[in-house]
Amino acid sequence: MSAAASYLPTEDQFLCSICLDLFTDPVTIPCGHNFCKTCITEHWDKNIQCQCPNCKNVFNTRPELQVNTVISEMAAHSSEQQVSKPGEVPCDICTGTKLKALKSCLVCLVSYCEFHMEPHLTTSGLKRHQLIDPVENLESRMCTEHDKLLELFCKTDQTCVCMLCTISAHMTHDVVPLKEGYEGKKAELEGEIHQMIQERELKIEEIKHSVELSKEDADRETADGVQVFTALKESVERSQAELIDRIKEKQRKTEKQAEDFIKELEQEISELKKRSTEVEQLTQSEDHLHLLQSLLSLNAALPTKNWTELNVRPLHEGTVRRALYQLEETLNEKMKEVVNTELKRVRQSAVDVTLDYDTAHPNLIVSYYGKRVQYRDEKKDVPNNPERFNRDAYVLARQSFSSGRFYYEVGVRRYNDWTLGVARESINRKGKIYLSPSNGYWSICLRNGDEYKAFNEYPVYLSLKSHPEKVGVFVHYEEGLVSFYDVYNAALIYSFTGCSFTEELYPFFGPSDNKTSTYLHITPV
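Residues numbered from 1 in each chain as written. Predicted model: local features only at pLDDT ≥ 70, side-chain atom pairs only at ≥ 80, totals over all residues. Heavy atoms only, no water.

Novice: Can you help me understand the overall build of the protein chain in this one?
Specialist: A tally of helices and strands in the protein chain yields seven helices and 24 strands. What you see for the protein chain is a C-alpha radius of gyration of 52 Å, clearly larger than the 24 Å of a compact globule of 525 residues, by over 25%. In the protein chain, which comprises 525 residues, the proportion classed as buried is 33%. For the protein chain, restricting intrachain contacts to residue pairs at least 6 apart in sequence, the fraction spanning at least 24 positions comes to 55%. Of the side chains in the protein chain, 62 bear a positive and 80 a negative charge, and the two mean positions are spaced by 5 Å. (Helix = DSSP H or I, 4+ residues; strand = E, 2+ residues; numbered from the N terminus. Rg over C-alpha atoms; globule rule 2.2 N^0.38 Å. Buried < 20%, exposed > 50% of the residue type's maximum accessible area, 1.4 Å probe, protein only. Contact = heavy atoms within 4.5 Å. Lys, Arg positive; Asp, Glu negative; His and termini not counted. Charge placed at Lys NZ, Arg CZ, Asp CG, Glu CD.)

Novice: Which parts of the structure should I look at to understand the layout of surface pockets?
Specialist: Gaps left between atoms show up when a probe the size of a water molecule is rolled over them. Taken as a whole, the largest pocket spans an internal volume of roughly 1,300 Å³. When residues of the lining of the largest pocket are traced back to their parent elements, those giving at least two are helix H5 (178-282), helix H7 (319-346), strand S20 (470-476) and strand S21 (481-486). A per-element tally of the lining of the largest pocket places H5 first, with 18 residues. Taken together, the residues of the lining of the largest pocket break down into 14 nonpolar, twelve polar and 13 charged. By volume, the second largest pocket amounts to about 410 Å³. Lining of the second largest pocket is provided by 14 residues; of these, Met-335, Lys-465, Ala-490, Ala-491 and Leu-492 occupy positions nearest its centre. Those elements that provide at least two residues to the lining of the second largest pocket are H7 and strand S22 (491-496). Per-element tally for the lining of the second largest pocket: the top contributor is H7, with four residues. (1 Å grid on protein atoms, 1.4 Å probe; cavity = no way out; pocket = protein on both sides within 12 Å on 5 of 7 lines; lining within 4 Å. Points joined across faces, edges and corners; volume = space filled by probe spheres on them. Nonpolar A, V, L, I, M, F, W, Y, C, P; charged D, E, K, R; others polar.)

Novice: Just checking my understanding: could you explain the environment of Gly-440 for this structure?
Specialist: For Gly-440, the position within the fold is in the loop between strand S16 (418-424) and strand S17 (441-447). Judged by its relative accessible area of 0%, Gly-440 falls in the buried class. Sequence spacing of Gly-440 and Ser-140 is 300 residues, and the spatial spacing of their C-alpha atoms is 51 Å. In contact with Gly-440, other than residues within four places in its own chain, are Val-422, Ala-423, Arg-424 and Ile-427.

Novice: In this structure, what is going on with the pattern of salt bridges? I would like to understand it.
Specialist: Working definition: two side chains of opposite charge can pair if their charged atoms are close together. Applying the stated criterion to the full structure yields 17 salt bridges. The partner of Asp-219 in a salt bridge is Lys-215, and the shortest N-O contact between them spans 3.1 Å. Taken as a pair, Asp-219 and Lys-215 lie in helix H5 at a separation of four residues, close to a single helical turn. We classify Asp-219 as partly exposed; its relative accessible area is 41%. With a relative accessible area of 54%, Lys-215 lands in the exposed category. When the shortest N-O distance is used, the salt bridge between Arg-398 and Asp-356 registers 4.0 Å. One end of the pair, Arg-398, is in the loop between strand S14 (395-396) and strand S15 (405-411); the other, Asp-356, is in the loop between H7 and strand S12 (364-366), and 42 residues separate them in sequence. Take Asp-356: its relative accessible area is 15%, and that puts it in the buried class. Ionic contacts of the salt-bridge type, sharing partners, join the residues Asp-217, Arg-220 and Arg-405 into one network. (Salt bridge = Lys/Arg side-chain N within 4 Å of Asp/Glu carboxyl O.)

Novice: Honestly, the pairing of strand S18 (residues 451-455) in this entry has me stumped. Any pointers?
Specialist: Along a regular strand, successive side chains alternate from one face of the sheet to the other. Along S18, four of the five residues are buried, which leaves the element largely enclosed by surrounding structure. Counted along the chain from S17 to the antiparallel partner S18, the turn is three residues long, and its residue Asn-448 has a positive phi close to 55 degrees. Both S18 and strand S19 (residues 459-462) contribute to a ladder of four bridges, which runs antiparallel. Counted as the bridge partner of Tyr-452 is Leu-462 from S19. Between S18 and S19, which pair antiparallel one after the other, the connecting turn spans three residues. (Pairing = 2+ DSSP bridges.)

Novice: Sorry, what's going on with the sheet that holds strand S10 (residues 159-161) here?
Specialist: Where strands meet in a sheet, backbone hydrogen bonds hold them as pairs that are either parallel or antiparallel. With respect to topology, three strands assemble into an open sheet ordered S10-S9-S11, the strand pairing being antiparallel. Edge positions in the sheet fall to S10 and strand S11 (175-177), since each has one partner strand and no second. Shown here is a sheet whose adjacent strand axes are inclined to one another by a mean of 35 degrees, direction ignored. By the bridge criterion, three bridges tie strand S9 (residues 152-154) to S10 in an arrangement that is antiparallel. Bridge pairing in S10 links Cys-154 to Thr-159. H5 contacts S9, S10 and S11 of the sheet and is inclined by roughly 100 degrees relative to S11. (Axes fitted to C-alpha atoms, helices over the stretch in contact; angles between N-to-C directions.)

Novice: Would you take a moment to explain a nonpolar patch on the surface for this structure?
Specialist: A cluster of nonpolar residues, Leu-189, Ile-193 and Ile-197, forms a patch on the protein surface that exposes about 250 Å² of accessible area. Within the element layout of this structure, Ile-197 appears in helix H5. (Patch = residues over 30% accessible without salt bridge, like charges linked within 9 Å, V, L, I, M, F, W, Y side chains within 5 Å. Areas by Shrake-Rupley, 256 points an atom, 1.4 Å probe, with all protein chains shown as cover.)

Novice: Please explain the side chain of Lys-453 as it appears in this structure.
Specialist: When you line up the elements, Lys-453 lands in strand S18. No salt bridge is formed by the buried Lys-453; its nearest oppositely charged neighbour, Glu-451, is found at 5.8 Å.

Novice: Before we go on, may I ask you to explain the packing of H5 against H7 in this structure?
Specialist: For any two helices packed against each other, one specifies the crossing angle of their axes together with the interaxial distance. Where H5 contacts H7, the axes come no closer than 10 Å and their chain directions differ by 165 degrees. Comparing the axis directions of H5 and H7 gives the class roughly antiparallel. As H5 packs across H7, the resulting crossing turns out to be right-handed. Its residues placed into classes, the contact of H5 with H7 shows eleven nonpolar, six polar and nine charged. (Parallel < 35°, antiparallel > 145°, perpendicular 65-115°, else oblique. Left-handed = near helix turned anticlockwise from the far one by under 90°.)

Novice: Is there a simple way to explain the nonpolar core in this structure?
Specialist: One recurring pattern in soluble globular proteins: nonpolar side chains tend to sit buried together. Of all hydrophobic cores here, the largest spans 39 residues; its most connected members are Trp-418, Phe-509 and Leu-520. Trp-418 has contacts with Val-412, Ile-444, Cys-445, Leu-446, Arg-447, Tyr-452, Val-471, Gly-510 and Leu-520, leaving out every residue within four places of it along the chain. In terms of nonpolar packing, the next biggest core, distinct from the first, is built from 13 residues, Phe-23, Ile-29, Cys-39 and Ile-40 among them. (Core = buried A, V, L, I, M, F, W, Y, C linked by side-chain atoms within 4.5 Å.)

Novice: I keep staring at the environment of Cys-19 and nothing clicks. Help me out?
Specialist: Positionally, Cys-19 belongs in the segment before strand S1 (26-28). Residue classification places Cys-19 among the partly exposed residues on the basis of a relative accessible area of 36%. Residues Cys-19 and Thr-38 lie 19 residues apart in sequence; the distance between their C-alpha atoms is 9.9 Å. For Cys-19, the residues in contact, after removing those within four places along its chain, are Cys-36 and Cys-39.

Written out as structure tokens, the structure reads:
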């Protein structure tokens, strides 16, 4: 507080004695007292006499009100500078308008404005009180148990304590002054914030990089898609043109054949009419022997071709169907090219997968290097740990994945039954296993040597053109995609799409318990 503070007017000198609030348009009456213009006017309006509310001096006529410019300016300045605003700590001593607190006393547990803080700066007993920048809820700075000031920090319990706490509940704890505790927590928080900032900056870079990769993928897929569909469109247009030409050519041949038949028929008709004329001429003769001989001769000269079964209408039915079959073959070839290209890309996400002995069912034999698994009738004596399947013959991989893409291939040749896919970490491994996405499994299987199906919420039976000898499994975690490929035939077997992955995913294997089967083999890509 400045030296000039002692010469400043007191708070009461800024208050109107009628409204008890800071002056608004202060005016002076002849006796020298000051009031708000509105307050004194309304006071005189309500009373018969014009009397001063303070000194009771009576005026015979209503005095002319004089604006007090000094008080007006000082009140306005005080209002601007010292009246407590929302969010500021008000003075606990002020009555009427609360002025802004300048300091809070940790001994008195009271906040003071500039005027009411004066005793703490001049009185010897109050000078020893600890003043801090104004704060609200000063009671919260007191220990609820000992009613003493919280001036220490217990690092053990991470809480503020008073002096008496250090000889009771916190006697053996690591206790330091508040400043030291603050500095330690500040350094710790700054380090944590700095680390969080770095992590988020790295994540931003990762996201930007992912977007760039996604754009590259999108551009490549678009270009490939345009190329494929352009080729298909050209193939369809070519097939359509060939179909129309084929039908037109068949119709042209039909019309030419019809013209030839009509010409031949017209010639025979002309010949028959000529014979008919000759017969009419013979009827005029009475020589029956001659007539009979002539008729026999004419009959032998008649056309002998049988036109009854002749049909010149071509069979157009099946022409479109055969053209579609041909188009289907072309489409299958294109599909195989697309899948082959797709396979080349997903194989770039190949990971090294090995089987986890600790998850294998007791009837499963896992090879030393963890690349093969086979079913045996006799159970091994192994611990029934929580990770192990104990009823259905399944095994998980050691590796798990919670982001990005991964791909692996499994040889299934000569197997009559098998199950392949991925499973989330929290799957149930005890008792009967029901394969479905809702239970944490995304898988396909072969049963009875020729029945393929995908285990969606309901089994989906698959119609495959050939038996896969090697199955590729591809997962895109963020896209929620699990795809299975027939590697040798470059064909897509089945895809789970729109999946929602929130846990670690493990490659999942189920060899057959059929004695004629051999083993599942994780092969190099």
